[in-house]
Amino acid sequence: MYKMMLVLLVLFAGAANAESSASAQLTQLLNQNRNVEGEFRQSTYDEKGNQVQVSNGIFLLSKPNKFVWDSVSPYAQRIISDGKTILVWDLDLQQATKKPFAGTASNSPAALLGQPAESVLPHYVVTKLGDHKYRLEPKNKEEMFKTLTLAFKNSKVSAMSIIDGLGQTTLIEFKKVEQHKGVANANFSMAVPDDVDVIVEGQ
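Along each chain, numbering runs from 1 in the same order as the chain's sequence is written. pLDDT decides what is reported in this predicted model: residues at 70 or higher carry local features, side-chain atom pairs at 80 or more are listed and counted, and totals for whole chains, interfaces and linings draw on all residues regardless. Water and hydrogen atoms were dropped before computing side-chain values, which therefore reflect all heavy atoms in the structure.

A. Structural detail: the environment of Glu137. A run of H or I in DSSP counts as a helix once it spans at least four residues, and a run of E counts as a strand once it spans at least two, with each numbered from the N terminus. Of note, Glu137 is situated in strand E8 (residues 133–138). As a C-alpha pair, Glu137 and Thr149 span twelve residues in sequence and 8.8 Å in three-dimensional space. The contact definition used throughout considers only heavy atoms, calling two residues in contact when any of these lie within 4.5 Å. Contact partners of Glu137, with chain neighbours within four places excluded, come to His123, Tyr124, Val125, Thr127, Lys146 and Thr147.

Now the structure itself:
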């Protein structure tokens, strides 16, 4: 029994060290991808693996917590964060919703990438799946997703896969990713045309 306990302790220590190493590596990669822009293709699959939705668009990230997530097709939608507020604007419907950034960040891939890795990763169990590929499992079981997998190519984010609580999978492929040194705050303006119906939540 004593020898078995020693074996278990060694295995546990090895797993803890592996997680710590994976977190450190992922922290470095995430922090290199907080000021980036490019294109994305987002595909959603149901629990049986059937594709139910595909969208394409462009994105812009700028620390701290600022982003633009523009879906161009099949429906025009713009999600903007200025670091304090998130605006979800459905252009075709001429409707928009504003909500506080705090408490909604985990619902948006762009927001997850926009936050400092040091403040995000302690909430997840991080596992390295291969070269430049990592799986995140929330420690809080009440999170909206079960697992999130991140992949990188040449130190730039290349893909994100999310499995939610209903077994639905969202795959986001990033293309033409470029790093920048920061952009003007005007890129994250919350202004919308006067004929757009705006709903404000959390006030």
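Next, the rest of the story.
B. Representation of unusual backbone geometry. Cis geometry marks the peptide bond from Lys63 to Pro64; its omega dihedral reads 0 degrees. Relative to the helices and strands, Pro64 is located in the loop between strand E2 (51–62) and strand E3 (66–73). Even without a glycine there, the phi angle at His132 is positive, about 60 degrees. Residue placement: His132 occurs in the loop between strand E7 (124–130) and E8. Partly exposed residues are those whose accessible area sits between 20% and 50% of the maximum for their type, while under 20% is buried and over 50% is exposed, using a 1.4 Å probe and protein chains only. A residue is classified by how much of its surface remains accessible, and His132, at 43% relative accessible area, is partly exposed. Phi angles above zero are rare outside glycine, and Asn154 is one such case at about 55 degrees. Along the polypeptide, Asn154 turns up in the loop between strand E9 (145–153) and strand E10 (156–164).

C. Main features of the environment of Arg41. Examined against the element boundaries, Arg41 turns out to sit in strand E1 (residues 36–45). When residues no more than four places from it in sequence are discounted, the contact partners of Arg41 are Val54, Ser55, Asn56, Leu171, Ile172 and Glu173.

D. Quick look at the pattern of salt bridges. By convention in these notes, a salt bridge is any Lys or Arg side-chain nitrogen within 4 Å of a carboxyl oxygen on Asp or Glu. The full count for this structure, using the stated rule, is five salt bridges. Linking Glu39 and Lys176 is a salt bridge whose minimum nitrogen-to-oxygen distance equals 3.7 Å. On the criterion of sequence distance, the pair formed by Glu39 in strand E1 and Lys176 in strand E11 (residues 169–179) is long-range, its members being 137 residues apart. In this structure Glu39 comes out as partly exposed when scored by relative accessible area, which is 32%. Its relative accessible area of 62% is what places Lys176 among the exposed residues. Between Lys156 and Glu178 there is a salt bridge, with its nearest N and O atoms 3.8 Å apart. Pair noted here: Lys156 is in strand E10 and Glu178 is in strand E11, with a separation of 22 residues, a long-range link.

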